[in-house]
Amino acid sequence: MSTTAVPEVAVTAVDEGFWTRTRKAGAVLLALGVLAAVLFGALATGQQARFTLSETEGGAALEINGTVGAILFGVIAAAAGAALLAGVPKRWFTLLLGAGLVAFVLSFLCWQVSAAPEGRNFMPLVNVVRGTFILALPLIFGALAGVLCERSGVVNVAIEGQLLMGAFSGALFGSISGSVWVGLVAAAIGGAFISLLLAVFAIRYLVDQVVMGIVLNLLAVGITGFLYERLMQTDAAKYNSAPRFSNWEIPLLKDIPLIGPALFRGNIFLYLGLLLVLVIHLALFRTRWGLRTRSVGEHPTAADTLGVKVLRLRYRNVIMAGLVAGIGGASYTLALYSFTKNMIGGKGFIALAALIFGRWSPTGALLAALFFGFADQLATYLGAIGSSIPSQFLAMLPYLATILAVAGLVGKVRAPAADGKPYIKG
């Protein structure tokens, strides 16, 4: 009996070709650097661009000639792009990309600050850093809510609704009780209410999680809008005048140049947001709960065979996510503003983008939220100095940054394997 030998097929790695992710990023960064050096350098003026280390024009400052700074930082960005294009080792990718993008932004700022009218040609760095954190706060809380849900295998598109319900509940019950702490608890419960609905319909009734999230966002807009018109608009003094948390100053730390006034003279939401990032990161990667959460998000069937209560864990984490997002919503109405209809204005979806940009990690989500917060603060600053850039473009700057970050800067990211997939216990 004759046999036919089966030829062995050699398995080789897929050839990425010349245009790897590193080289593509390098080409884009090189083009941006050249654009900055040529265009921003031509538009900048010979006036000094002052970056003060205080909240005003006075005090210590970093100064550079506007034209020289715009060209110099543009060249640095181009050099970083050229290094990436040449094919540097992957371990240098993040450092060079970050340095190049920072240099591009500095080149842009040298142009804008030097071209500002006399008396406004300075950037108070303390205000910029403080504003960045304030604007990033709801994004931090929202992104953390997304981490808790999606690491458990549940897609949380309802962050917008959770933030909005938290903002409304905090304003309403804070106003009625006259207590910021009652308002804070009510805000957390309001966000948890939206999360509970998400958990019940997505986990128990297996409704499509993305569709359910959108429906819950619309539900939150409808409920808060209706009650706002019936209660808050008719009697704002009673229903929409919640007390505000005051700033808490931390001795010694508050006197650190630049960072101290911006970070250590903040309200409870700033400290709580940073603390939650640390706690959730440690819990997710250093505790048994975190191991179970990640296993449920990656392979719930395997986790179930090892005794993990998959559905119970998902319920618990989704509700915790709502508590976190609700507190994030309260950072609007118990610290900054009175409640208005649909006041979140899409920040929940930017928080979702921060979650993806941060690769489903609490610390990554924090950095991504700060990136988007800086884009928002930059738009405010440019408007204040009378920038020649159209105000419509300034208004869309944070959303443009979101699109560029998610589509162009993240590269290849992988969500938890079971994210969005309902689990049916066999």
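Every value quoted in this text rests on a predicted model; they were computed, and no experiment measured them.

**Things to note about the nonpolar core**
Among the nonpolar cores identified, the biggest contains 77 residues, and M232, F269, F339 and F372 are the most heavily contacted of them. With 13 residues, the single largest contributor to this core is helix α4 (residues 125-150).

**With respect to helix α15 (residues 362-384)**
Taking 1.5 Å per residue as the helical rise, α15 with its 23 residues ought to reach 33 Å, and the 33 Å between its terminal C-alpha atoms agrees with that figure. G386, located one to two residues past α15, shows a positive phi value of around 70°.

**Digging into the environment of R286**
Considering the arrangement of structural elements, one finds R286 in helix α10 (residues 268-286). Separated by 182 residues in sequence, R286 and F104 place their C-alpha atoms 37 Å apart.

**Quick word on a nonpolar patch on the surface**
Where nonpolar side chains cluster on the molecular surface, the patch consists of L275, L278, V279 and L282 and spans about 350 Å² of accessible area. Mapped onto the secondary structure, L278 falls in helix α10.

**Comments concerning α4**
Taking 1.5 Å of rise per residue, the 26 residues of α4 would be expected to cover 38 Å, and the 35 Å separating its terminal C-alpha atoms lies within 8% of that figure. The sharpest bend along α4 reaches about 40° and sits at A136, with the proline P138 one to four residues further on. Judged by how many residues are buried, α4 sits mostly within the fold: 22 of 26 residues are covered.

**A word on the pattern of salt bridges**
Scanning all chains against the criterion turns up seven salt bridges. A salt bridge links E55 to R130, with the shortest nitrogen-to-oxygen separation between them at 3.4 Å. Of this pair, E55 sits in the loop between β1 (48-52) and β2 (61-65) while R130 sits in helix α4, and the two are 75 residues apart along the sequence. Looking at E55, the relative accessible area reads 39%, which means it is partly exposed. The partly exposed category is assigned to R130, whose relative accessible area is 21%. The partner of E229 in a salt bridge is K341, with the nearest N and O atoms 2.8 Å apart.

**Observations regarding the packing of aromatic side chains**
The tally for this structure, following the rule as stated, stands at 13 aromatic pairs. Seen in terms of ring centroids, F201 and Y205 are 6.1 Å apart; in terms of plane orientation they differ by 45°. Their pairing is tilted. For Y205, a relative accessible area of 52% puts it in the exposed group. Grouped by ring-pair contacts, the aromatic residues F40, F104, F108 and W111 constitute a single cluster. Over the aromatic face of Y205 sits the side chain of R204, whose NZ or CZ is 5.1 Å from the ring centroid.

Conventions adopted
Residues numbered from 1 in each chain as written. Predicted model: local features only at pLDDT ≥ 70, side-chain atom pairs only at ≥ 80, totals over all residues. Heavy atoms only, no water. Core = buried A, V, L, I, M, F, W, Y, C linked by side-chain atoms within 4.5 Å. Buried < 20%, exposed > 50% of the residue type's maximum accessible area, 1.4 Å probe, protein only. Helix = DSSP H or I, 4+ residues; strand = E, 2+ residues; numbered from the N terminus. Expected span 1.5 Å × (residues − 1). Patch = residues over 30% accessible without salt bridge, like charges linked within 9 Å, V, L, I, M, F, W, Y side chains within 5 Å. Areas by Shrake-Rupley, 256 points an atom, 1.4 Å probe, with all protein chains shown as cover. Salt bridge = Lys/Arg side-chain N within 4 Å of Asp/Glu carboxyl O. Bend = angle between axes of the 7 residues up to and from the residue. Phe/Tyr/Trp six-rings, centres within 6.5 Å; stacked < 30°, edge-to-face > 60°. Lys NZ or Arg CZ within 6 Å of the ring centre and 35° of its normal.

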